[in-house]
Amino acid sequence: MDNAGARTGDIVREAYSARSGEYVDLFGSMASVHPSDRALVGSWADTLTGPVLDAGCGPGQWTDFLAGCGLAASGIDLVPEFVDRARARYPHLSFDLGGFETLDAATESLGGVLSWYSLIHHHPKDFRTPLAEFARVIRPGGGLLVGFFEGRAVEPFDHAATTAYRWPVVELGRELAASGFEVIETHTRTGSGYRPHGAITARRQGAG
Ligand SMILES: C[S@@+](CC[C@H](N)C(=O)[O-])C[C@H]1O[C@@H](n2cnc3c(N)ncnc32)[C@H](O)[C@@H]1O
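Cut-offs used in this document
Numbering of residues starts from 1 in every chain and runs along the sequence as written. Local features are withheld for residues below a pLDDT of 70 in this predicted model, meaning they are given only at 70 or higher, and side-chain atom pairs are given and counted only at 80 or more; totals for whole chains, interfaces and linings count all residues. Side-chain measures were taken over the full set of non-hydrogen atoms in the model, leaving aside hydrogen atoms and water. Strands are runs of DSSP state E lasting at least two residues, helices are runs of H or I lasting at least four, and both sets are numbered from the N terminus onward. Contacts were defined at the residue level, with two residues in contact if any of their heavy atoms lie within 4.5 Å. We call a residue buried when its accessible area falls under 20% of the maximum for its residue type, exposed when it is over 50%, and partly exposed in between, using a 1.4 Å probe and counting protein chains only. For this description, a residue counts as near a given molecule or strand if any of its non-hydrogen atoms is within 4 Å of it. Counting of polar contacts relies on pairs of N or O atoms within 3.5 Å, with two restrictions inside protein: one atom must be capable of donating a hydrogen and the other of accepting it, and residues adjacent in sequence are counted only when both atoms are side-chain atoms. All accessible-area figures derive from a Shrake-Rupley calculation using a 1.4 Å probe, and residue coverage is judged against the displayed protein chains alone. In this classification, Asp, Glu, Lys and Arg are treated as charged, Ala, Val, Leu, Ile, Met, Phe, Trp, Tyr, Cys and Pro as nonpolar, and every other residue, Gly included, as polar. By nonpolar core is meant a set of buried Ala, Val, Leu, Ile, Met, Phe, Trp, Tyr and Cys residues that side-chain atoms within 4.5 Å join together.

K.L.:
Sorry, what's going on with the side chain of H197 here?
P.N.:
Looking at the element boundaries, H197 is found in strand β9 (residues 194-204). Sequence-distant contacts of H197, defined by excluding residues within four places in its chain, comprise D37, W116, Y117, F148, E150, H187, T188 and R189.

Shown next, in the form of structure tokens:
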């Protein structure tokens, strides 16, 4: 990670650390998840085999959900309070403290990576750094699912934690394609009470 990326990581860590209790209360369980997101992640999980990483797992609710889908699931996050909370709540699962730009996982060792709203704070010019690492650790044919704030242009906005970015589905899909992924499905949803949502499922290229 370059200096700018490292600084963003520090800002993200401090911002979520300061509001970790509030985040856990609002979003830290599957009860707060939209039913269609749950269905999407569940059906995506059903297509995977092998270990799956919840990259930017927060308090770990999606990691537990993936494990409930029958996958060997683990999580990683920058925020110590989230990792402590995840370990306490889901002691049967493994959670690491750290950045997903440099993962411990061996090359092509994972069946999939879930990045649920965990790339939202990455500056667009740094976006391919984590994608390259996901492409390294996911085996050919494995899956990537990215959830994000959808918008008509790539643009920053004031998020409760720290600056986040909206992405048009097409633009984010281009980033994935340039990073070694084939886009499989795109989803968008709008509704009252939340920002426009996007999700993309993609497959690591290279399978025969
Ligand atoms: C909006 S929260 C989403 C958390 C979780 N995926 C969920 O759905 O509740 C964004 C999370 O991504 C994590 N994150 C952002 N950048 C990260 C990085 N470079 N490495 C690891 N975690 C990161 C943050 O610490 C935060 O927990």
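K.L.:
Please clarify how the environment of T163 should be interpreted in this entry.
P.N.:
Within the secondary structure, T163 sits in the loop between β6 (155-157) and β7 (164-166). Given a relative accessible area of 35%, T163 falls into the partly exposed group. With residues near it in sequence (within four places) discarded, T163 still touches I120, H121, P156 and F157.

K.L.:
Help me understand the site of the ligand in this model?
P.N.:
As a matter of local geometry, the ligand sits amid 21 residues, with Y23, G56, Q61, D77 and W116 nearest to it. Residue Q61 places a side-chain N or O atom 2.8 Å away from an oxygen atom belonging to the ligand. W116 has a polar backbone atom sitting 2.9 Å from a nitrogen atom of the ligand. The protein chains hide 96% of the 590 Å² of surface that the ligand would expose on its own. Broken down by secondary-structure element, the contributors of at least two residues to the shell around the ligand are α1 (3-18) and α4 (61-68). Classifying every residue of the shell around the ligand by side-chain character gives twelve nonpolar, seven polar and two charged.

K.L.:
Where do I start with the nonpolar core in this structure?
P.N.:
Inside soluble globular proteins, nonpolar side chains tend to come together where they are buried. In terms of nonpolar packing, the biggest core is built from 27 residues, with V41, W44, W62, L66, L114, W116 and L145 touching the most fellow members. For this core, the elements supplying multiple residues, two or more each, are α1, α3 (35-45), α4, β4 (110-116) and β5 (138-149). Considering each element in turn, this core owes the most residues, four residues, to α3. Filtering out sequence-adjacent residues up to four positions away, W62 remains in contact with M30, V33, D37, R38, V41, D54, L114 and W116. One finds A55, V146, W167 and L172 within the second-largest nonpolar core, a separate group that totals 25 residues.

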